[in-house]
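Fold and contact review
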Amino acid sequence: MRDLVIIGAGPGGLTAGIYAVRANLDTVMLERSAPGGKMINTYEIENWPGVGKVTGFELSQQMYDHTQSLGVEYAYGNVVAIKDHKTHKTVHTEDGNVIETKAIIIASGTEPRTLDVPNEQKFMAKGISFCAVCDGNFFKNKHVVVLGGGNSAIEESVFLTSLNVTVTVVNILDTLQADPKAINQAKNTGMIDFKLGYEVLSFEGDKALSGVRVKELKTGAISVLPADGAFLFIGHIPKTDFASELGITDKHGYIDVNARMETKTPGIYGIGDVIVKELRQIVTASADGAIAAQNCAKYIESIKQKKR
């Protein structure tokens, strides 16, 4: 019986591991790939306090090394199910392993929706990004294509213009889905043009991204939009299939938590990008991890007191 299982070793999970071990919790982190989560695929990070510029790989390694110096157990595991037995929980992995635990912190994150078109993987994190706040500085005084028509796409486009980036918004629908205020703000910048009713066919370029090949759906005309970068805001997919039977997610699959990172199932917590929240950043995921681990320690102590 473990005190705590942390599912996911991104910045939130790694921070939760640090705080959990410091609270003397018998803890294991399960990760289905490399530690760091999406952070490891970020070319450069400039907004981690006190560090300055650092690659996502470097920061991931530093966080991971910190957990290991404190003795946090790290194990590979692709979680396929969580079961709540009231007195304890069980975490089931794809390889048939079952871990009994008193508490669980879900830090499994999200996966950006992708287009699955030619050269998309080639330019991932090398011209293609999913976060203007994170990577916008790399495109100062340049031109980018933003894919999507919702609030995220339009608001991030406006943010990019504050960096003197000119933007072409490409949306497969012939209208924008963002709210009118955001659309008006985008149009008023004078730095954003719109290609509505266009389908992306491929990303173009040799060593660096140079353009986006699109097709106008009404006419079938194909053209290449010049671009130094491309930002995809066509949605995210929370990795919560394994928790679907617990009833702790909203209709989109994101986990509902309170300010203590608690779900409605006692002993199960959610942190980072996988929860319902406004800002998904490395620093906010880390803060979630610290809060969850501290409240997890209190929860486990309450269990012990009931048994006395």
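As a reminder, the structure under discussion sits directly above these lines.
Residues numbered from 1 in each chain as written. Predicted model: local features only at pLDDT ≥ 70, side-chain atom pairs only at ≥ 80, totals over all residues. Heavy atoms only, no water.

1. Some words on the overall build of the protein chain
Cut-off, in case you're wondering: Runs of H or I in DSSP of at least four residues are treated as helices and runs of E of at least two as strands, each being numbered from the N terminus. Each radius of gyration is computed over the set of C-alpha atoms, and the globule rule expresses the reference value as 2.2 Å times the number of residues to the power 0.38. Note on classification: 1.4 Å probe, protein chains only; a residue is buried when its accessible area is under 20% of the maximum for its type, exposed when over 50%, partly exposed between these limits.
When helices and strands are tallied, the protein chain shows six helices and 17 strands. Whereas a compact globule of 308 residues would reach a radius of gyration of roughly 19 Å, the protein chain reaches 21 Å, a difference of no more than 12%. In terms of principal-axis extent, the alpha carbons of the protein chain reach across some 70 × 35 × 35 Å. Within the protein chain, the proportion of its 308 residues that are buried is 49%.

2. Observations regarding the packing of aromatic side chains
The cut-off we apply is this: In this analysis, rings of Phe, Tyr and Trp, with Trp reduced to its six-membered ring, are considered paired at centre separations within 6.5 Å, and the interplanar angle assigns stacked below 30 degrees, edge-to-face beyond 60, and tilted for intermediate values.
All chains considered together, the criterion is met by three aromatic pairs. Plain terms: the ring middles of Y64 and Y74 are 5.2 Å apart, the flat faces sit at 75° to each other, and that makes the pair edge-to-face. On the criterion of sequence distance, the pair formed by Y64 in helix 2 (residues 56-69) and Y74 in strand 3 (residues 73-76) is long-range, its members being 10 residues apart. You can call Y74 partly exposed: its relative accessible area is 23%. Measuring from ring centre to ring centre gives 6.4 Å for F231 and F233, while their planes differ by 5°; the resulting arrangement is stacked.

3. Focus on the sheet that holds strand 12 (residues 198-205)
Formally: When DSSP finds two or more bridges between two strands, those strands count as paired. All axes here are fitted lines through C-alpha atoms, helices being fitted over the stretch that makes contact, and every angle between N-to-C directions spans 0 to 180 degrees.
What the three strands build is an open sheet, ordered 12-13-14; its pairing is antiparallel. Each edge of the open sheet carries a strand with a single partner, namely strand 12 and strand 14 (222-226). Direction aside, the axes of adjacent strands within the sheet are offset by 30° on average. Bridging between strand 12 and strand 13 (residues 209-216) involves seven bridges; their strand directions are antiparallel. Bridge assignment links V200 to a residue of strand 13, and that residue is V214.

4. A closer look at helix 4 (residues 151-161)
Each α-helix winds once per 3.6 residues, and so residues spaced three or four apart point in a common direction. This is how it is decided: When checking whether two residues touch, look at their non-hydrogen atoms; a contact exists if any pair is within 4.5 Å.
Within helix 4 the residues assigned to the buried category are A153, I154, E156, S157, V158, L160 and T161. Looking at the packing, one finds that the buried side of helix 4 touches helix 3 (132-135), strand 9 (143-147), strand 10 (166-171), helix 5 (180-188), strand 11 (192-196) and strand 15 (229-232).

5. Considerations on a nonpolar patch on the surface
Keep this limit in mind: Each patch is built from salt-bridge-free residues with over 30% relative accessible area, joining like charges within 9 Å and nonpolar side chains (Val, Leu, Ile, Met, Phe, Trp, Tyr) within 5 Å. Per-residue and other accessible areas were derived by the Shrake-Rupley procedure at a 1.4 Å probe size, with only the shown protein chains allowed to occlude residues. For salt bridges, the criterion is a side-chain nitrogen of Lys or Arg within 4 Å of an Asp or Glu carboxyl oxygen.
Taken together, I172, L173 and L217 make up a surface patch of nonpolar side chains, about 270 Å² in accessible area. Along the chain, the position of L217 falls in the loop between strand 13 and strand 14. When its relative accessible area of 41% is taken as the criterion, L217 is described as partly exposed.

6. Brief notes about the nonpolar core
To keep it simple, the criterion reads: We define the nonpolar core as a collection of buried residues of types Ala, Val, Leu, Ile, Met, Phe, Trp, Tyr and Cys that are connected through side-chain atoms lying within 4.5 Å of one another.
Among the nonpolar cores identified, the biggest contains 47 residues, and L4, I7, I82, V91, I105 and I106 are the most heavily contacted of them. Looking at this core, the elements that each hand over two or more residues are strand 1 (2-7), helix 1 (11-22), strand 2 (27-31), helix 2, strand 4 (79-84), strand 6 (98-106), strand 17 (268-270) and helix 6 (282-307). For this core, the leading source of residues is helix 6, giving eight residues. In terms of nonpolar packing, the next biggest core, distinct from the first, is built from 20 residues, F139, V144, L176 and A182 among them.

7. Description of the packing of helix 1 against helix 6
What counts here: Here a crossing is called left-handed whenever its near helix is offset anticlockwise from the far helix by less than a right angle, and right-handed whenever the offset is clockwise. Here the term charged refers only to Asp, Glu, Lys and Arg, the term nonpolar to Ala, Val, Leu, Ile, Met, Phe, Trp, Tyr, Cys and Pro, and the term polar to all other amino acids, Gly among them.
It is at 7 Å that the axes of helix 1 and helix 6 come closest, and there the two elements cross at 35°. As helix 1 runs across helix 6, the sense of the crossing is right-handed. Counted together, P11, G12, T15, A16, Y19 and A20 of helix 1 and I282, A285, S286, G289, A290, A293 and Q294 of helix 6 form the full contact between these two elements. Considering only residue class, the contact of helix 1 with helix 6 consists of eight nonpolar, five polar and no charged.

8. Examining the environment of I128
Among the secondary structure elements, I128 is positioned in strand 8 (residues 128-129). Note on I128: relative accessible area 2%, which makes it buried. As for I128 and F203, which are separated by 75 residues in sequence, their C-alpha atoms are 9.2 Å apart. When near neighbours in sequence (up to four residues on either side) are disregarded, I128 contacts N119, E120, F123, F203, A230 and L232.

By themselves these figures say nothing about function.
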